[in-house]
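Here is how the chains run, residue by residue.
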Amino acid sequence: MSAGCWPAAAVAQPVDAASRATVERIRAAPAFRRAEAALADGHDRFVRDIIQLTEIPAPPFGEQRRGEAFRALMVEAGLTDVTVDSVGNVIGLRRGSGPAGRPPVVVSAHLDTVFPEGTDVRVRREGTRLSAPGIGDDSRGLAALLAYVRALDAAGIRTRRDLLIVGTVSEEGRGDLRGVRQLFADRRDGRGIAAFFSVDGLSPARITRGGVGSKRYRVLFRGPGGHSYGAFGLVNPAAAMARAITDLYALPVPQQPRTTFSASVVGGGTSVNAIPSEVFVEVDMRSEDATALARLDEAFRGVVERAVAVENESRSTREGRVTATLEAIGDRPAGETPATSPIVRLSAAASAAAGYAPTLDASSTDANMAMSLGVPAVTIGSGGTGGRAHALDEWIDVAPEESVRGLAVGLLAIVAVADQPDSRPRR
């Protein structure tokens, strides 16, 4: 789950009668019972896949080795037309029973982790607890895609729509959804996709239907610099930066839709006895609503402009003026899938059918891209329990009963959506 995005407050989702009936019919069918049994029988293989993928480093822009391994596993699992696209996404097809060429249902997980090259990614095991950086975010999700394909094949289930199974690159941090952007660009900005599942995170009860958008900048403040004593009185880019940060924190933002900002990283300067010639701050701004995010973005730009103007008016510019340059380092679109959409209702019904209490929330995942383009999309968990995501001691528990129970929720939701006659209106 990208960039450590803290999810918005979860809202309980009631299950409507029609969706409940649909998933209960599928779940009670002998074929789906065989698929659930296959998930249980194949659980040891599922755990081996998690470990194998976790122990291949995959920082954003460095996913090639993990992608190669995932491609081999996809071929072994029986997917056809397995390819690697121009940015490194690994894509495989599972044909449905409907006419070829209809828009497929995409089921994705991301290949990359937040951890830089050189991080120790060896998995440590204590009983059913596995610990390693990235093991739950999103190695378990990748392994779940393979488990789903094997279970469907073992049970002889063919969904009406094709399933497009995708391992995306660069979901995290500076990757800025690079992989899923390319996936949608290659499919006519989503017009070639019926519905989209991102398997990211663990909880089978949590259904993410809102995409928290973000704007991220590195703002570089420059000035003439000089000796801290001899050039005292000259404009100082650090003073302009400080004013910009202070004024950012004076900006009003709405609580609904939830909108936030953070001045997160600062740096620059050369010596304690020198007025810096260059300093920077990195800023993260987020909102569940695209309009609210655009307003905050505009206000922040104004804050930077005014901070520079005030500094140039307050001190001497005889050696030069302070300037500021905004470099965009992240731009994730906001969006949402309506709570009334079949993909949301059926995912909630699948969760409830397994005894969970489904909730809806918003976060920042690969599904953001689909939501922003009007493609029905949710992010669902792959099951099991865990914690410490984005930390070096990240962990999951693969105790079979709970692990398989959670896996089956995702499989049930995918089958239910892929069997719908029309998963989305035509555009």
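Everything below is about the structure printed above this text.
Residues numbered from 1 in each chain as written. Predicted model: local features only at pLDDT ≥ 70, side-chain atom pairs only at ≥ 80, totals over all residues. Heavy atoms only, no water.

**A short note on the side chain of Thr168**
(1) Moving on: Within the fold, Thr168 resides in strand β7 (residues 163–168).
(2) Moving on: A relative accessible area of 0% means that Thr168 is categorised as buried.
(3) Moving on: At a separation of 2.6 Å, a polar atom in the side chain of Thr168 contacts the side chain of Asp366.
(4) Moving on: Those residues in contact with Thr168, other than ones at most four positions away along the chain, are Asn89, Ser108, Ala109, His110, Leu111, Asp112, Val180 and Asp366. (Helix = DSSP H or I, 4+ residues; strand = E, 2+ residues; numbered from the N terminus. Buried < 20%, exposed > 50% of the residue type's maximum accessible area, 1.4 Å probe, protein only. Polar contact = N/O pair within 3.5 Å; in protein donor to acceptor, adjacent residues only side chain to side chain. Contact = heavy atoms within 4.5 Å.)

**Quick word on the nonpolar core**
(1) Moving on: Grouped together as the largest cluster of nonpolar side chains are 76 residues, with contacts concentrated most on Phe70, Phe197 and Leu411.
(2) Moving on: Membership of the second largest hydrophobic core comes to 22 residues, among which are Ala240, Ala244, Leu248 and Phe261. (Core = buried A, V, L, I, M, F, W, Y, C linked by side-chain atoms within 4.5 Å.)

**Things to note about the pattern of salt bridges**
(1) Moving on: Within the structure shown, the criterion is met by 22 salt bridges.
(2) Moving on: Across the pair Glu76 and Arg45 runs a salt bridge whose closest N-O atoms are separated by 3.1 Å. Of this pair, Glu76 sits in helix α4 (residues 64–76) while Arg45 sits in helix α3 (residues 43–54); the two residues are 31 residues apart in sequence, bridging distant segments of the chain.
(3) Moving on: Note that Asp284 and Arg216 form a salt bridge whose closest N and O atoms lie 2.7 Å from each other. With a gap of 68 residues between them, Asp284 in strand β14 (residues 278–287) and Arg216 in strand β10 (residues 213–222) connect regions that are remote in the sequence.
(4) Moving on: Judged by relative accessible area, which is 13%, Asp284 ranks as buried.
(5) Moving on: Taken together, the shared-partner salt bridges connect Arg45, Asp49, Glu76 and Arg150 into one network. (Salt bridge = Lys/Arg side-chain N within 4 Å of Asp/Glu carboxyl O.)

**Considerations on the packing of helix α2 (residues 30–41) against helix α11 (residues 400–418)**
(1) Moving on: Closest axis-to-axis distance for the α2/α11 pair is 10 Å, and the angle between their directions is 140°. Classified by the angle their axes make, α2 and α11 are oblique. Two packed elements cross with a definite hand, and for α2 against α11 that hand is right-handed. When α2 is examined against α11, the residues Phe32, Ala35, Glu36, Leu39 and Ala40 are found in contact with a partner set consisting of Val404, Leu407, Ala408, Leu411 and Leu412.
(2) Moving on: Among the residues forming the contact of α2 with α11, the class breakdown is nine nonpolar, no polar and one charged. (Axes fitted to C-alpha atoms, helices over the stretch in contact; angles between N-to-C directions. Parallel < 35°, antiparallel > 145°, perpendicular 65-115°, else oblique. Left-handed = near helix turned anticlockwise from the far one by under 90°. Nonpolar A, V, L, I, M, F, W, Y, C, P; charged D, E, K, R; others polar.)

**What about the sheet that holds strand β5 (residues 124–126)?**
(1) Moving on: Ordered by their spatial adjacency, four strands build an open sheet running β5-β6-β20-β19, and the pairing between neighbours is antiparallel. Single-partner strands in this sheet number two, and they are β5 and β19 (385–387). Direction aside, neighbouring strands of the sheet carry axes that sit 15° apart on average.
(2) Moving on: Across three bridges, β19 lies against strand β20 (residues 395–397) in antiparallel orientation. Across the sheet, residue Gly387 finds its bridge partner in β20, namely Trp395. (Pairing = 2+ DSSP bridges.)

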